[in-house]
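Given next are the chains, with one letter for each unit.
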Amino acid sequence: MAFISITGGYVGYYNTRYADWTDTRHHSKYCLSCFQSRNSRLSTIHKVLPSSSVRSNTRRLCVTCAYRRPPRRNLIPLKPTPKTRLLAFLPYFMPLLDGVVYGRFVFAKYPIISAFIFYPLQPLLIIYRGIPFLPFILFAMLFYFIVRNEKMDNFIRFNTMQAILIDLVLIIPQMFLRATSASGAIPAVVVESLCSLVFYAIMVTTAYVLLCVFRGSKPDQVPIISEASEAQLKQFF
C-alpha cells in the first residue's frame, strides 16, 4: 500500500515492506493529500508554501493516497494460458472446414495430402455440412457471444474476429465459381487453378495462425484481414 507524506512541499511514500520512509523528491505546489499540523487553522487541502513556518509546524503522517510509484515500462506481457490458446484457435475450424472443399483437385493429385488433411477433418465436415444453417448459427454465436463480449479475453476476441473475416472472404471465390460453372465461360484449367490457390492460401494461413497461437503471440500479420479485425474490435469498444 502506498502512503504519502508532505514536508515542505516534498512528497514521499511509506514502504510497508521495509517500514521506512522514502522521499521521491517530487516538489508539489498543490497537495490534495491530508497531513496533520500543529496549527489547527491549516486545512487538509492546503497550498504548500516553502516557508520555514509551515515546515516546522508540519509533521509526517501516514495517510492513504492515490499516489503510487510509476510502473516499470520494461514489463514483459504475460503469455496466454494453454486454455486461452486453445479457445483462440477453435474458431479457425470454421474457415478451415469451408476452405478444405477447394482442395478436391489437390487431393486427387496428391493422396498423401488427403490422408493428412481431408480424412482427419472428414467427420467434422460431415457434421458441419450436414446440419442445416449450422455455419450461420456458429457465425452468429461467435460474433455476439465472443467478439462483442467485453469480458472475454482480447486474445480470444481478436482471433475469433479474424476467423470470421477469413470465412467471409471465402464466400467470394465460392460465388464466382458457382456463377461461372453454370455458364461454362471459364475453362476447367482456370477453375482448378483457382480452387487450388484458395486451398493453399487457407492452409498457409491456418499453419501461421496455429504456430502463433500456440506460441502465445498474436497472429496479426495476415494481409488486410488482421488490420480489419483490429478496426472492428475498436469500433465495438
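These lines cover the structure that appears in this document, whether it is placed above or below.

Procedures and definitions
Residues numbered from 1 in each chain as written. Predicted model: local features only at pLDDT ≥ 70, side-chain atom pairs only at ≥ 80, totals over all residues. Heavy atoms only, no water. Helix = DSSP H or I, 4+ residues; strand = E, 2+ residues; numbered from the N terminus. Buried < 20%, exposed > 50% of the residue type's maximum accessible area, 1.4 Å probe, protein only. Contact = heavy atoms within 4.5 Å. Areas by Shrake-Rupley, 256 points an atom, 1.4 Å probe, with all protein chains shown as cover. Patch = residues over 30% accessible without salt bridge, like charges linked within 9 Å, V, L, I, M, F, W, Y side chains within 5 Å. Salt bridge = Lys/Arg side-chain N within 4 Å of Asp/Glu carboxyl O. Phe/Tyr/Trp six-rings, centres within 6.5 Å; stacked < 30°, edge-to-face > 60°. Arc of directions from axis to C-beta.

1. Let's talk about the overall build of the chain
Part 1 of the argument: Across its full length, the chain carries 10 helices and 8 strands.
Part 2 of the argument: Across the 237 residues that make up the chain, the buried fraction comes to 35%.
Part 3 of the argument: Long-range pairs, those at least 24 residues apart, make up 62% of the contacts in the chain between residues at least 6 apart in sequence.
Part 4 of the argument: Total accessible area on the chain is roughly 15,700 Å²; 64% of this is exposed by carbon and sulfur atoms.

2. Some details on a nonpolar patch on the surface
Part 1 of the argument: The grouping of Phe133, Phe136, Ile137, Met141, Tyr144 and Phe145 at the surface amounts to a nonpolar patch, some 750 Å² of accessible area in total.
Part 2 of the argument: Note on placement: Phe133 falls in the loop between α5 (111-130) and α6 (134-147).
Part 3 of the argument: The exposure class assigned to Phe133 is exposed, which follows from its relative accessible area of 66%.

3. Some thoughts on the pattern of salt bridges
Part 1 of the argument: Summed over all chains, the structure comprises 3 salt bridges.
Part 2 of the argument: Glu230 serves as the salt-bridge partner of Lys218, at 2.3 Å between the closest nitrogen and oxygen. Of this pair, Lys218 sits in the loop between α9 (188-215) and α10 (225-236) while Glu230 sits in helix α10, and the two are 12 residues apart along the sequence.
Part 3 of the argument: Among the residues examined, Lys218 registers a relative accessible area of 36% and is labelled partly exposed.

4. Thoughts on the packing of aromatic side chains
Any pair of aromatic rings gets described here by the distance separating the centres and the angle formed by the planes.
Part 1 of the argument: For the coordinates displayed, the defined rule picks out 9 aromatic pairs.
Part 2 of the argument: On the basis of an interplanar angle of 80° and a centroid distance of 5.3 Å, the ring pair of Phe107 and Phe199 is categorised as edge-to-face. Of the two residues, Phe107 is situated in helix α4 (residues 104-109) and Phe199 in helix α9; the sequence distance between them amounts to 92 residues. For the pair Phe107 and Phe199, one class covers both residues: buried.
Part 3 of the argument: Through pairs of rings, three or more aromatic residues link up here, namely Phe107, Phe118, Tyr119, Phe199 and Tyr200.

5. Quick notes on helix α2 (residues 82-89)
Part 1 of the argument: Where α2 is concerned, the buried positions are Thr84, Arg85, Ala88 and Phe89. Buried residues along α2 cover an arc of 130° about the axis, so they all sit on one side. Opposite the buried face of α2, at more than 90 degrees from it, the exposed residues are Pro82 and Lys83.
Part 2 of the argument: Of the surrounding secondary structure, the elements contacted by the buried residues of α2 are α3 (93-99), α7 (154-169) and α9.

Don't take any of this as a statement about function, it's just geometry.
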